[in-house]
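One letter stands for each residue in the lines below.
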Amino acid sequence: MPDAPPPVIQVTNLHKSFGAQAVVRDVSFAVAAGETLVLLGPSGCGKTTLLKLLNRLIEPDGGTVEINGCDVRQQPPAQLRRGIGYVIQQVGLLPHYTVAENIAVVPKLLGHAPAAIAARTAALLTRLHLPPERYAGQLPQQLSGGQQQRVGLARALAADPPIILMDEPFGALDPITRASIRREFRELDELKRKTVVLVTHDVTEAFELADRIMLLEAGQIQQLGTPRELLFRPANGFVRRFFTAERLALQLRTLTLSDVFAEEEANKLLLEVHNPSLAAQNTLPLSSSTTNSAHTEGSAVNNPEVRVNNQTGSPAILSASKQEVTSKTSSAADFTAATTVQQALETLTGPNAPLASFGVPQLMAAFGEALQREEYAWKR
Amino acid sequence: METLSALFTFWHEQAGKLGEQTLQHIGLTAGSLLLGVLLGVPLGIWLSRRPRWAPAVLGLAGVLQTVPSIALLGVLIPLLGIGWQPAIFALFLYSLLPIIRNTFEGIRGVPPAVVEAARGLGLTDGQVLRKVELPLALPVLMAGIRTATVINVGVATLAAYVAAGGLGEFIFGGIALNNPVMILAGALPAAGLALVFDALLGGVQKLSTRRLGQVGAALLVSLPLLGGLYLLPRATGKLLAGFSPEFVGRADGLPGLTKAYGLTHLPNVVLAPTLVYEAARNAHVDVIDGYSTDGRIRAYGLRVLRDDRRAFPPYFAVPVVRPALLREHPELAPVLAKLDDQISDSVMTNLNYQADYLHQDPKAIAEAFLKRRGLWKAPRPAVAGAPVVRLGSKIFAEQYILAELYANLIRGNTDLAVQTKTGLGGTTICFEALRHGEIDMYPEYTGTGLLVLLQPKPTVVDSLGGRPAAVLGYVRQEFRRRFGLEWLAPLGFNNTYALLMRGQQAHELGIVSVSDLGGYLQK
């Protein structure tokens, strides 16, 4: 793809063994600027090792890591890492530093002016809902787990690095805190502009945050693609089995109204429930096709907006601008083509159910048909 | 109460000495700690990077810790001589284990996530150590230094054995003299120092990590300064004396000598009795106290300075017996009398030389001596059920030899069986054993009988005036009266305190007597 911008991270034939055990085997991939890549896999699959190979916390046995086209081994590790944000599960705040001092570590190392550091720290704390006048002077042990993780994120963002690496950043939090902090992360403007590589073993988390997911097993890439591809076009039995337990929940989260309803129908439905101006604003590039064949999605990697044709000729919209979709709260009458089935269900069954032209039965029937279409497409 | 007032009197009288010893004590502790920190902390850090070596290094430091301090000093003296060097080195070795171990454990105790995060943020290895690991390990590290400090304050009392000063001087003087007040005079300040240091460092340890770093650095700076206390200028003179603690403390030792000769300008260090001769021989010191019949006088080419003003009381060796023994076995008296006046100072020095320096068996020495004097007879065959004469001796070569001499004579000239109970520790043990009939006889010295066992009023001692016959007469009379024990006739030699110098140096300076020494120092 000659017109594609050069990847921010380019990994080629990376290999790493600990003793006799190969932990990362011949892994190659590229991450585009602004993309969020999730490394997903069971414990011991090599995802954390792979992440640490990127900022040289671990040195590879073979292969190369290039950041912005430059081999990471050409820089001293410490200098390299100052340009890459790093967030880990245990947070690892320096216990003898205050919140503000923790955030200031990297800017200080980089020799930023104290006034600039102070302003940046205050801004980050405010944005992460930790009022600086209250929290800046506190020690990490005075904070809750969720607050610590926010400070950890602020620390990684302090010097505004273009790349952020995250190793199970929400893994140590209870489910409710985790969900709320995850939402905060997703909505943080700071992060939207960053290239993010995130490690998790939590499938829901991966689907919620990822532009693309790399599913790893035994140090090898099983599949690298959008959440939708992994779900509906599993590359092998392992990928398929990996999502078995949560398949339905993931499908509900992944398929949108435009996926389950035919185009005209969808437009009609949406307009009925929608304020016209909003509808216009939300009009997405609906496409129609009369072919009955599903086509492969080789270009998906570099093209976040992928059109999927389905058998019945119903238009399908895949919006990869997930932030836009998920940032919508499912208030009444807020259905768009990009509303997921899950959100629509929640709205329809909620206390302020909108007066829609379809009810839960119609929605679920359409959802079921859509699943079957996807299944057919994959089997062919 | 009485002890307490005696203690304060002692401190009052010895205030200058007490101050000097305390400063020396602090100096020794701080100096050795400084070395311990300078080596132990880097070693601990190194171990935290290579934990594979930890068992070996910590094991070795642990073994050093278990070596008894006296033995360690004994090993170090041939290498480092006497003085502050072996003392500081030994203390340094003792401080290593807690410092290394706590540095190592402290760094290992830093949460790995914190270190990983720090590295991930772009801190270099050195920055991780300085900004993360060391500050976080500091409370544990300080605990190690605190332990080492308290250990060292205690062990530093032993420095007095190697002429390094400190509060041990009083303690060992007190032990040698069986003087509880003197022991307490050194032990209480030493314990006080340990408590003060412990409390101080305990307080430091409770500080926040941030303050701890600053205070720790301040402490590190203060250690050399405290260590420097040891080097405070001290009285110096043309000659340096090295005295055993007992000599310094007892009335007929240094105090009596100073009084009789007005010896001034003779600075002295205190060291273990067993080391004074070595110290003189190796010219660490010039004047030492000793015993006039010690074998090492001959071995090391030392010279006894003549006690021309009779400052040292006579210590003539005399067998002390239970009178019942002589009544039950009248044949014994003439046998024991065979040694009367047979052994002069130089003869005894020579016999001691054979034992102490040539390491010959006391039994063989006794036999050879008797043969030379024509007193030797082969032991008579043992008679079953024969009464047993139990001979005691104190725990040094001269007494062993004397006991063997008597044992030989008794076996050769009577049918009595002999049992020797040698090595009965000090004077008090032998005397109590004799008094309670656990032994029948042991050789005692007139001066010891007078000053240690009878302890008469100073006026009585003064009235005797150090005349040998008068002293013997007094102890004989008083022992009969108070303990029902009998002093026989003197063996001839006077094993008294003596001032000794290297023969060559004494010759060069023209010093023959203690008066000469005083004159030389005055010049």
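Every value quoted in this text rests on a predicted model; they were computed, and no experiment measured them.

Cut-offs applied
Residues numbered from 1 in each chain as written. Chains lettered and ligands numbered in written order. Predicted model: local features only at pLDDT ≥ 70, side-chain atom pairs only at ≥ 80, totals over all residues. Domains from an automatic or database assignment. Nonpolar A, V, L, I, M, F, W, Y, C, P; charged D, E, K, R; others polar. UniProt positions renumbered as here; feature names shortened; annotations may be inferred. Helix = DSSP H or I, 4+ residues; strand = E, 2+ residues; numbered from the N terminus. Core = buried A, V, L, I, M, F, W, Y, C linked by C-beta atoms within 7 Å. Buried ≥ 20, exposed ≤ 12 C-beta atoms within 10 Å, placed from the backbone. Contact = placed C-beta atoms within 7 Å. Pairing = 2+ DSSP bridges. Axes fitted to C-alpha atoms, helices over the stretch in contact; angles between N-to-C directions. Arc of directions from axis to C-beta.

## Focus: the domain arrangement of chain B
Many descriptions give the size of an interface as the accessible area lost when the pieces come together.
All names here are of chain B.
Next up, step 1: Each assigned domain of chain B is listed here: domain 1 (2-231), domain 2 (241-311 + 499-522) and domain 3 (317-495).
Next up, step 2: Placing the centre of domain 2 and that of domain 3 at their C-alpha centroids yields a distance of 27 Å.
Next up, step 3: For the side of domain 2 that touches domain 3, the residue count by class is three nonpolar, three polar and five charged.

## Quick notes on the UniProt feature "domain: ABC transmembrane type-1" (unreviewed entry) in chain B
Next up, step 1: The UniProt record marks residues 22-201 of chain B with the feature "domain: ABC transmembrane type-1" (unreviewed entry), using the residue numbering of this structure.
Next up, step 2: With 84% helix and 0% strand, residues 22-201 of chain B has its two end C-alpha atoms placed 19 Å apart.

## Things to note about the UniProt feature "domain: ABC transporter" (unreviewed entry) in chain A
Next up, step 1: The UniProt feature table records "domain: ABC transporter" (unreviewed entry) at residues 9-243 of chain A.
Next up, step 2: For residues 9-243 of chain A, helix accounts for 39% and strand for 26%, while the C-alpha atoms at its two ends are 27 Å apart.

## Looking at the nonpolar core
In globular proteins that are soluble, nonpolar side chains generally tend to be buried together.
Next up, step 1: Ranked by size, the top nonpolar core spans 183 residues in total, and within it Leu39 and Val197 of chain A together with Val162, Leu271 and Ile288 of chain B carry the most contacts.
Next up, step 2: It is helix H5 (residues 84-108) of chain B that provides the largest number of residues to this core, a total of 14 residues.
Next up, step 3: Beyond its immediate sequence surroundings of up to four residues, isoleucine 288 of chain B is in contact with Ala241, Gly242, Phe243, Val276, Tyr277, Ala279, Ala280 and Leu500 of chain B.
Next up, step 4: Judged by nonpolar contacts, the second largest core, of 51 residues, contains Ile343, Phe431, Phe479 and Leu491 of chain B.

## Notes on the UniProt feature "transmembrane region" (unreviewed entry) in chain B
Next up, step 1: UniProt records the feature "transmembrane region" (unreviewed entry) at residues 25-46, 53-76, 82-100, 150-175, 181-200 and 212-232 of chain B, using the numbering of this structure.
Next up, step 2: Secondary structure within residues 150-175 of chain B divides into 54% helix and 0% strand; the distance between the first and last C-alpha atoms comes to 22 Å.

## Looking at the interface of chain A and chain B
Next up, step 1: Contact with chain A, which involves 16 residues of that partner, is made by 16 residues of chain B.
Next up, step 2: Counting residues per element, the ones that place at least two in the side of chain A that touches chain B are helix H2 (77-82), strand S6 (84-88) and helix H3 (99-109) of chain A.
Next up, step 3: Considering each element in turn, the side of chain A that touches chain B owes the most residues, four residues, to H2 of chain A.

## As for the sheet that holds strand S5 (residues 70-71) of chain A
Residues and elements named next belong to chain A.
Next up, step 1: The four strands lie next to each other as S2-S1-S4-S5, forming an open sheet whose pairing is antiparallel. Unpaired on one side and paired on the other, strand S2 (21-31) and S5 mark the two borders of the sheet.
Next up, step 2: Across five bridges, strand S1 (residues 9-18) lies against strand S4 (residues 62-67) in antiparallel orientation. Bridging from a neighbouring strand, valine 11 pairs with valine 65 of S4.
Next up, step 3: Helix H1 (residues 47-54) contacts S1, S2 and S4 of the sheet and is inclined by roughly 60° relative to S2.

## Re helix H18 (residues 362-372) of chain B
All names here are of chain B.
Next up, step 1: Where H18 is concerned, the buried positions are Pro362, Ile365, Ala366, Phe369 and Leu370. Looking straight down H18, one finds its buried side chains confined to an arc of 130°; they lie on one side. In this structure, H18 carries Ala364, Lys371 and Arg372 as exposed residues pointing more than 90 degrees from its buried face.
Next up, step 2: On the buried face of H18, the contacting elements are helix H17 (345-357) and helix H19 (397-413).
Next up, step 3: Residue glycine 374 follows H18 closely and has a positive phi angle near 70°.

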